[in-house]
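# Structure assessment
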Protein chains: 2
Amino acid sequence: MIGEFDRIARYFVPLAAAPSLGLNDDAACLRPDPARDQIITVDQMLEGVHFLADDPPDLIARKLLRRNLSDLAAMGATPLHYLLTTALRADTPEPWLAQFAQGLAEDQARYHVTLIGGDSTATPGPLAFSVTMIGTIQPGSVLRRSGAQSGDAIFVTGTIGDAALGLAAARGDCPDPTGFFRTRRLLPEPRLNLPIHALVHAAIDISDGLLQDLTHLCRQSNLTAHLHARAVPASPDASQLGPDWLMPRLTGGDDYELILAAPPDHEAALRQACAPIPITRIGHFAPGTPRIALLDDPPLTLPDRIGWTHF
Amino acid sequence: MIGEFDRIARYFVPLAAAPSLGLNDDAACLRPDPARDQIITVDQMLEGVHFLADDPPDLIARKLLRRNLSDLAAMGATPLHYLLTTALRADTPEPWLAQFAQGLAEDQARYHVTLIGGDSTATPGPLAFSVTMIGTIQPGSVLRRSGAQSGDAIFVTGTIGDAALGLAAARGDCPDPTGFFRTRRLLPEPRLNLPIHALVHAAIDISDGLLQDLTHLCRQSNLTAHLHARAVPASPDASQLGPDWLMPRLTGGDDYELILAAPPDHEAALRQACAPIPITRIGHFAPGTPRIALLDDPPLTLPDRIGWTHF
């Protein structure tokens, strides 16, 4: 591997925009838009925890960006810039890093975001990355987890559980004949720039599993979520696997779909606003202790562990 | 160790300010001051790389903040907020984390910064942390590495090399009878809020070693630094160790003092602006290839490895 400063010059300076000051200084300098609020988030990805050692490096980079883009999507924000930290091992091959940077470049172009800073270190442990993502939003229009109201319908975008099935497939625990689950695990699609601000009361992205993230909405909004678990949309590939995989789909993370709380009579408008991404109604909020109650008949039992937590 | 969400509620929510939205959402929401530019930086600290496994956790936390505060100091910015990532092992004891959070609280109060977001993960590897720090600055007054001019004198704040001697002492390689080197390694003093914007042309903080960071100024300003190495100020404890420790002091990182380039006739005003922190003139910039040339007589030779790089 080439030295630290050459590495930055070769792979990261080409990704950097004006506020980065060419990545030559101790920090970036940004002139924020005075008419907008800023939305800022940070997320990490560690080898063996958030990605597998043999995952393609360009897809690791793109998922790293997309996890953060999804956080901005959940707040209703438009992404602008990011800072990147890398912890690489001394034996990380340069082509690995080149492919990682290529992945960043691809998604920078796709999502119109630019690198403005970062930090690089050697590590004796697992490869580790973090992205701090900065976006902007019309003041007063931020989507919160706490905004759900009694009577709101609960919607999800897309299909749920494919990324968890991708992880199961990578471990040899379920088939993935078309490679669809693998793609959903490695390259989630953040649901950015949906014009839903005026239609929904609350939003969250599904990073830790539908049940867990829905529970966050319950807690922050102080409501019970009445969930029709069997209505949670499955992809055609997931449907093939049958009902045994329902709970793993609902507790598995990494979908990066959105859960939305909205008045039921907004459904048609919301469907139109999200198109071509499908939305599915999976339940509703009602007064009660902050928890999930299942509507399914025949009844289903929730597992003890409803989603991903870091111990 | 308690669970992830309880951990956040117990140790991090008390540190969080309004833009964090109580750490309950996917991102923070900030209304930037329209009259100021933003300065943003990110830095990591890994166990075994940036700190030792038995360093006190409150001091690890404070150094983590201070490394970032020092980057803002080098740009001339005033810090405001930060985001924190933690990668803890499942066997990290809760008292360790409590003491870590206590360190954050102490330096939040001291430097008037607040937590606005973060991310938490489990790791099978070394403990790892990062801070993204956000500050503000009067538009147009940012200090750059590229601003040094031919004829500028080179100054440093404080004394140089004590943190490197602290690392040597921790390894048993040099004595530290008063514990001064240990304190300098564990608890650097970022040189924040010095009213030097109108007096200096360029600045950088010493994180990777004086020689390396001075070389960054040379490269960005396209000048030769003529350095009187023996004039680089030593603390009384460092002076006791004798001349054999000069080069380790100049190549060792973690001082977080500032190197400043300023016209020689600004020296008195600069001294007054930095007081009570002493400054010392150690050389000057002149036209030439971007490198360091030593002025010392009898002559000294620079080592091949002039500072800390991450492989």
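These numbers come from a predicted model, not from an experiment. (Residues numbered from 1 in each chain as written. Chains lettered and ligands numbered in written order. Predicted model: local features only at pLDDT ≥ 70, side-chain atom pairs only at ≥ 80, totals over all residues. Heavy atoms only, no water.)

## Considering the packing of aromatic side chains
Put simply, the rule reads: Any two of the Phe, Tyr and Trp rings considered here, Trp counted by its six-membered ring, make a pair once their centres fall within 6.5 Å; the pair's planes then place it as stacked at under 30 degrees, edge-to-face at over 60, or tilted in between. Each helix corresponds to a stretch of at least 4 residues labelled H or I by DSSP, and each strand to a stretch of at least 2 residues labelled E; elements are numbered beginning at the N terminus. Type-normalised accessible area, obtained with a 1.4 Å probe on protein chains alone, sets the label of each residue: buried when under 20%, exposed when over 50%, and partly exposed for intermediate values.
This model, assessed by the stated rule, comprises 10 aromatic pairs over all chains. Plain terms: the ring middles of F100 of chain A and F129 of chain A are 4.5 Å apart, the flat faces sit at 25° to each other, and that makes the pair stacked. Of this pair, F100 of chain A sits in helix α3 (residues 94-111) while F129 of chain A sits in strand β5 (residues 128-137), and the two are 29 residues apart along the sequence. The pair formed by F100 of chain A and F129 of chain A is uniform in burial state, with each residue classed as buried. Centroid distance F51 of chain B to F129 of chain B: 6.1 Å. Interplanar angle 40°. Geometry classified as tilted. Residue F51 of chain B is located in the loop between β2 (37-46) and α2 (57-75), and its partner F129 of chain B is located in strand β5 (residues 128-137); the two are separated by 78 residues in the primary sequence. Every member of this aromatic cluster is reached through a ring pair, and the members are F51, W96, F100 and F129 of chain A.

## Some remarks on the relation of the copies chain B and chain A
Note the following rule: The copies were overlaid with a least-squares fit restricted to C-alpha atoms from residues scoring a pLDDT of at least 70 in each copy.
Once turned by 180° and shifted 0.0 Å along the axis, chain B lies on chain A with an RMSD of 0.0 Å. As the rotation angle and translation indicate, the two copies are arranged about a two-fold axis.

## Here's the deal with empty space enclosed by the protein
Quick note on the threshold: Definitions used throughout: a 1 Å grid over protein atoms alone; a cavity as a set of points that fits a 1.4 Å probe which cannot get out; a pocket as an open set with protein on both sides within 12 Å along at least five of seven lines; a lining residue as one with an atom within 4 Å of a point. Grid points are joined across faces, edges and corners, and a volume is the space filled by probe spheres set on the points. Residues were grouped as follows: Ala, Val, Leu, Ile, Met, Phe, Trp, Tyr, Cys and Pro as nonpolar; Asp, Glu, Lys and Arg as charged; and all remaining residues, including Gly, as polar. Where each domain begins and ends follows an automated or database-derived domain assignment.
Inspection of the entire model under this criterion finds five cavities of 30 Å³ or more. Computed from the structure, the largest cavity encloses a volume of approximately 170 Å³. Taken together, 18 residues form the lining of the largest cavity, with Q44 and A128 of chain A together with Q44, L46 and A128 of chain B sitting closest to its centre. Listing elements by their share of the lining of the largest cavity, those giving two or more residues are β2 (37-46), β3 (78-88) and β5 of chain A together with β2, β3 (78-88) and β5 of chain B. Considering only residue class, the lining of the largest cavity consists of 10 nonpolar, eight polar and no charged. Within this model, the second largest cavity holds a volume of roughly 60 Å³. Looking at the second largest cavity, the residues that line it are A73, G76, A77, L143, R191, L192, N193, L194, I196, H197 and L258 of chain B. Taken together, the residues of the lining of the second largest cavity break down into seven nonpolar, three polar and one charged. Two domains each put at least three residues into the lining of the second largest cavity: domain 1 (4-137) and domain 2 (145-294) of chain B.

## Considering the domain arrangement of chain A
All names here are of chain A. Rules: Contacts are assigned to residue pairs that have any heavy atoms within 4.5 Å of one another. Every case where a carboxyl oxygen of Asp or Glu lies within 4 Å of a side-chain nitrogen of Lys or Arg is listed as a salt bridge. We define a polar contact as two N or O atoms separated by no more than 3.5 Å, with the added condition that, inside protein, one atom must be a possible hydrogen donor and the other a possible acceptor, whereas residues neighbouring each other in sequence contribute only through side-chain atom pairs.
Each domain of chain A was delimited in the assignment, giving domain 1 (4-137) and domain 2 (145-294). Domain 1 and domain 2 are separated by 26 Å when their C-alpha centres are compared. At the interface, 20 residues of domain 1 touch 18 residues of domain 2. At the boundary of domain 1 with domain 2, the tally comes to three salt bridges. A salt bridge links R110 to E189, with the shortest nitrogen-to-oxygen separation between them at 3.6 Å. Connecting domain 1 to domain 2 are seven residue pairs in polar contact (both at pLDDT 80 or more). Among the secondary structure elements, those contributing two or more residues to the side of domain 1 that touches domain 2 are α2 (57-75), β3 and α3. The dominant element in the side of domain 1 that touches domain 2, judged by the number of residues it contributes, is α2, at 10 residues. By residue class, the composition of the side of domain 1 that touches domain 2 is 10 nonpolar, three polar and seven charged.

## Things to note about the interface of chain B and chain A
Keep this limit in mind: Buried area adds together the accessible area that both of two parts lose upon being put together, with accessible area traced by a 1.4 Å probe. Strands qualify as paired when DSSP identifies two bridges or more between them.
At the junction of the two partners, chain B supplies 67 residues and chain A supplies 68 residues. For the pairing of chain B and chain A, the buried interface totals around 5500 Å² over both sides, and the portion due to carbon and sulfur atoms is 56%. Its salt-bridge partner being R31 of chain A, residue D37 of chain B comes within 2.8 Å of it at the nearest N-O pair. Of all the elements, β2 of chain B adds the most residues to the side of chain B that touches chain A, at nine residues. Looking at side-chain class alone, the side of chain B that touches chain A contains 31 nonpolar, 21 polar and 15 charged residues. Summarising the sheet, β2 of chain A and strand β1 (residues 28-30) of chain B pair through three bridges and their orientation is antiparallel.

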